[in-house]
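# Structure assessment
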Amino acid sequence: QQQVKQSPQSLIVQKGGISIINCAYENTAFDYFPWYQQFPGKGPALLIAIRPDVSEKKEGRFTISFNKSAKQFSLHIMDSQPGDSATYFCAATSGTYKYIFGTGTRLKVLA
Amino acid sequence: GAGVSQSPSNKVTEKGKDVELRCDPISGHTALYWYRQSLGQGLEFLIYFQGNSAPDKSGLPSDRFSAERTGGSVSTLTIQRTQQEDSAVYLCASSLSSGGAREQFFGPGTRLTVL
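What you are looking at is a predicted structure, and each value in this text was computed from that prediction instead of being measured.

All names here are of chain B. Direction of pairing for strand β5 (residues 43-50) relative to strand β6 (residues 53-56): antiparallel, over a ladder of two bridges. Considered in β6, the bridge of glutamine 50 is made with serine 53. Linkage of β5 to β6, two consecutive antiparallel strands, is achieved through a turn of two residues, within which glycine 51 is found at a positive phi near 65 degrees.

What follows is the structure in structure tokens.
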């Protein structure tokens, strides 16, 4: 019940396309859902986050869509660029220190 | 100010040796976390510090792993009698305090290779 399932494991998108990464959870006590972006040789960095009281949050080209009833949330990257090529992790927490991370999605955007 | 720093960036050791990994959190961050990232896996929680205390050590995989934090700042993760399965990237993160809304800032990690 503590797991966060992330898919796909890897994703290849053409420049200008839309990248979509999905996560699903079971624990209804989760109340904060961040997405982290990690470039090779670097630590993960917070990209965008959402709370379950809203269904969508947009920051620039990055959007989180949240479906509370389905216990799913997804990251959409619009107009994907080669510089977006990285590994993306979703996470969830129930207001404590412990983040539960997904297994990551390796995104490659072709020029 | 500076971000979270970790040293060394890479460590190659022989099976059976002890290693120490260091984390310098962001100044003023009271919470500190250690994670392990294995190839193709997510981030595995190891231990959490609030100040110098570690209220949650539940993620440490065996008694060969230990960690301490001194002065509410620097933390050291020690792995004794290293095994090949310990090979991974060890990430440290810090936050202003604990709590779900508190962004965790990650260091670049230490890549540990056990031969």
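Picking up where we left off.
Now for unusual backbone geometry. Each neighbour pair has its own omega, and for serine 7 of chain A with proline 8 of chain A the value is -5 degrees, a cis peptide bond. Relative to the elements of secondary structure, proline 8 of chain A occurs in the loop between β1 (4-7) and β2 (10-14). The omega torsion across serine 7 of chain B and proline 8 of chain B is -10 degrees, close enough to zero to call that bond cis. Along the chain, the position of proline 8 of chain B falls in the loop between β1 (5-7) and β2 (10-13). In the Ramachandran plot, lysine 71 of chain A falls in the positive-phi region, its phi being about 55 degrees despite a non-glycine side chain. Its location among the elements puts lysine 71 of chain A in the loop between β7 (62-67) and β8 (72-77). What makes lysine 71 of chain A partly exposed here is its relative accessible area of 22%. The backbone of arginine 81 of chain B sits at a positive phi, close to 45 degrees, despite the residue not being glycine. By secondary structure assignment, the location of arginine 81 of chain B is in the loop between β8 (75-79) and β9 (88-95). For arginine 81 of chain B, a relative accessible area of 43% corresponds to the partly exposed category.

Here the focus is the interface of chain A and chain B. Frequently, the measure chosen for interface size is the accessible area removed from exposure when the parts meet. Tallying the contact residues gives 19 residues for chain A and 22 residues for chain B. When chain A packs against chain B, the two sides together hide about 1600 Å² of surface, and 56% of this comes from carbon and sulfur. Considering only the side of chain A, the residues that lose the most area to chain B are Tyr97, Tyr99 and Phe101 of chain A, jointly responsible for 36% of the buried surface there. The interface formed by chain A and chain B holds one salt bridge in total. A salt bridge links lysine 98 of chain A to aspartate 56 of chain B; the nearest nitrogen and oxygen atoms lie 3.2 Å apart. At the surface where chain A touches chain B, the tally comes to six residue pairs in polar contact (both at pLDDT 80 or more).

Rules and cut-offs
Chains are numbered independently. Their residues run from 1 in the order of the written sequence. For naming, the first written chain is A and the first written ligand is 1, with later ones following in the order written. Note on the predicted model: pLDDT of at least 70 is required for a residue's local features to be given, and 80 or more for side-chain atom pairs to be given and counted; whole-chain, interface and lining totals, by contrast, use all residues. By convention in this description, side-chain values take in all heavy atoms of the structure and omit both hydrogens and water. Should DSSP find at least two bridges between two strands, the strands are regarded as paired. Only runs of H or I of at least four residues qualify as helices and only runs of E of at least two qualify as strands under DSSP, and these elements are numbered from the N terminus. Whether a residue is buried, partly exposed or exposed follows from its accessible area with a 1.4 Å probe, protein chains only, as a fraction of its type maximum: under 20%, in between, or over 50%, in that order. We call two residues in contact whenever any of their non-hydrogen atoms come within 4.5 Å of each other. Accessible surface is computed with a 1.4 Å probe, and the buried area is the amount of it that two parts give up when combined, taken over both parts together. When a carboxyl oxygen of Asp or Glu lies within 4 Å of a side-chain nitrogen of Lys or Arg, that pair is called a salt bridge. Here a polar contact is recorded for every N or O atom pair within 3.5 Å, except that within protein the pair must consist of a potential hydrogen donor and a potential acceptor, and residues adjacent in sequence are included only if both atoms are side-chain atoms.

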